[in-house]
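A structural walkthrough
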Amino acid sequence: MRKFNILAKPVDMSTGFKDFFDTIGLTGGGLVTKGIAAVIAIIALRMLLQLSGDPKGALKKGAAAVGTLFVAVVLALYGDTLFSTVTEAKG
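1. With respect to the overall build of the chain
The helix and strand tally for the chain stands at three helices and zero strands. Along the chain direction, N to C, the helices and strands of the chain fall in the order α-α-α. Burial status across the chain gives 14% buried among its 91 residues. Carbon together with sulfur atoms contributes 69% to the accessible area of the chain, which is approximately 7700 Å² in total.

Shown next, in the form of structure tokens:
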């Protein structure tokens, strides 16, 4: 007889989106932060693809594109921590 391996424990998703976001470890704000970082990364990649043939202009535009991509990566990695200080203010 075959024995099945259980890959993941069952999760109760009866309360909808809140349970889903809890299972993937994101809050609504974290999901928005990741979405903004993804949009910025797409803009940076588009900037890289539109470099001109002029060496000086291409160097300036390329540096700006790489900087924009760096900002997107930092926002994707640490955006939750950066914006948590704003949303969890104590009054």
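2. Structural notes on a nonpolar patch on the surface
On the surface, a cluster of nonpolar side chains totalling about 420 Å² of accessible area is made up of Val73, Leu77, Tyr78 and Leu82. For valine 73, a relative accessible area of 43% puts it in the partly exposed group.

3. Regarding the environment of alanine 58
Here alanine 58 shows up in helix H3 (residues 55–87). Taking relative accessible area as the criterion, alanine 58 reaches 18% and is therefore assigned buried. Separated by 10 residues in the primary sequence, alanine 58 and leucine 48 have C-alpha atoms spaced 9.0 Å apart.

4. Details of the confidence of the model for the chain
For the chain, the mean per-residue pLDDT works out to 77, and 70% of the residues sit at or above 70. Element-level pLDDT for the chain is lowest in helix H1 (residues 17–24), with a mean of 65, against a maximum mean of 83 in helix H2 (residues 28–49).

Reading guide: rules and limits
- Residues numbered from 1 in each chain as written.
- Predicted model: local features only at pLDDT ≥ 70, side-chain atom pairs only at ≥ 80, totals over all residues.
- Heavy atoms only, no water.
- Helix = DSSP H or I, 4+ residues; strand = E, 2+ residues; numbered from the N terminus.
- Buried < 20%, exposed > 50% of the residue type's maximum accessible area, 1.4 Å probe, protein only.
- Areas by Shrake-Rupley, 256 points an atom, 1.4 Å probe, with all protein chains shown as cover.
- Patch = residues over 30% accessible without salt bridge, like charges linked within 9 Å, V, L, I, M, F, W, Y side chains within 5 Å.
- Salt bridge = Lys/Arg side-chain N within 4 Å of Asp/Glu carboxyl O.
- pLDDT = per-residue confidence, 0-100.

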